[in-house]
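As a plain string of letters, each chain reads:
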Amino acid sequence: MYKLNLLFLIVLTTMSFGVVAKNLTWAVEGERINQKEPNSLANTWLVEINNRNPGSPAGRGYWFRPWDWRSSGVCYVGDEMQQGERFRSFGDVANIEWIFSDGSRITTEYVYGEVCQVEKGTETFGLWETEFRVIDGSGRFEGVSGVVRGAGQYERMWDNYKSRGSRFVGREELIVD
């Protein structure tokens with residue numbers, strides 16, 4: 001009976017770790033400012049995410065965006081189902097390293113980004129979605145493979161000929177293969 005209880009405890013512990021590893025999520029909240037380069041439609045920026053949410057990792061990396069957004073149809077946002085337009089970004093190159101409080105890291109590579117954008121008068125807001133492929137890990141993520149998917153809401157704070165600023169909230173999820 002003792003061996004059976006011990007085996008049951010080991011199976012439960014293993015199942016619990018497996019579920020946690022496959023459903024690791026964290027909140028994302030912050031602001032992003034894009035500085036447009038003079039005489040260029042391309043933009044490169046460093047990613048610095050110092051997350052204010054306890055338990056959420058910091059993010060570091062870079063992003064190059066050629067501003068090639070292509071419409072992929074109609075979408076709807078919010079409880080009022082406000083109609084917007086869905087755009088997908090093409091040609092982006094990005095790597096982000098997520099750094100957790102215990103020092104463990106996940107290095108990711110950009111796969112795609114998509115927004116559902118609503119323009120209502122002077123307001124611009126909508127939904128965002130991203131996917132990054134996991135290319136490396138360290139610490140408790142040593143040898144991990146999978147994707148990090150993110151989704152949430154955003155609102156444009158300003159947009160002029162020099163820069164653009166947005167506020168965003170959402171969640172990121174590590175999905176292990």
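Residues numbered from 1 in each chain as written. Predicted model: local features only at pLDDT ≥ 70, side-chain atom pairs only at ≥ 80, totals over all residues. Heavy atoms only, no water.

Caption draft 1: Summary view of the pattern of salt bridges. One pass over the full model with this rule turns up 8 salt bridges. Of the charged contacts, one joins Asp 68 and Arg 70 as a salt bridge, the two residues approaching to 2.8 Å between their closest N and O atoms. Overall, the relative accessible area of 26% leaves Asp 68 in the partly exposed class. Accessibility expressed as a relative area gives 42% for Arg 70, which makes it partly exposed. Close ionic contact of Arg 88 with Glu 114 constitutes a salt bridge, the shortest N to O distance being 3.7 Å. Taken as a pair, Arg 88 in strand S5 (residues 82-90) and Glu 114 in strand S7 (residues 105-120) lie far apart in primary sequence, 26 residues in all. Residue classification places Glu 114 among the buried positions, given a relative accessible area of 12%. Taken together, the shared-partner salt bridges connect Arg 86, Arg 88 and Glu 114 into one network. (Salt bridge = Lys/Arg side-chain N within 4 Å of Asp/Glu carboxyl O. Buried < 20%, exposed > 50% of the residue type's maximum accessible area, 1.4 Å probe, protein only. Helix = DSSP H or I, 4+ residues; strand = E, 2+ residues; numbered from the N terminus.)

Caption draft 2: View of the nonpolar core. Ranked by internal contacts, the top residues of the largest apolar core, which has 22 residues, are Trp 26, Trp 98, Phe 100, Ile 106, Phe 141 and Leu 174. Sorting the residues of this core by element identifies strand S1 (24-35), strand S6 (93-99), S7, strand S8 (123-138), strand S9 (146-159) and strand S10 (163-176) as the ones contributing at least two each. Listed in part, the 5 residues of the second largest apolar core include Cys 75, Cys 116, Val 118 and Phe 125. (Core = buried A, V, L, I, M, F, W, Y, C linked by side-chain atoms within 4.5 Å.)

Caption draft 3: Quick peek at the confidence of the model for the protein. On average, residues of the protein score 76 in pLDDT, and 69% of them reach the 70 mark or higher. Here residues 1-21 is modelled with pLDDT under 50, and outside its nearest four sequence neighbours on either side it reaches 2 contacts, counting other chains as well. (pLDDT = per-residue confidence, 0-100. Contact = heavy atoms within 4.5 Å.)

Caption draft 4: Examining unusual backbone geometry more closely. Although it is not a glycine, Met 81 adopts a positive phi angle of roughly 50 degrees. Examined against the element boundaries, Met 81 turns out to sit in the loop between strand S4 (68-77) and S5.

Caption draft 5: Geometry of the state of the cysteines. By the definition in use, this model includes 1 disulfide. What pairs with Cys 75 in a disulfide is Cys 116, and their sulfur atoms sit 1.9 Å apart. Here the disulfide of Cys 75 and Cys 116 is right-handed, its torsion about the S-S bond being about 95 degrees. On the criterion of sequence distance, the pair formed by Cys 75 in strand S4 and Cys 116 in strand S7 is long-range, its members being 41 residues apart. With a relative accessible area of 3%, Cys 75 lands in the buried category. (Disulfide = S-S within 2.5 Å.)

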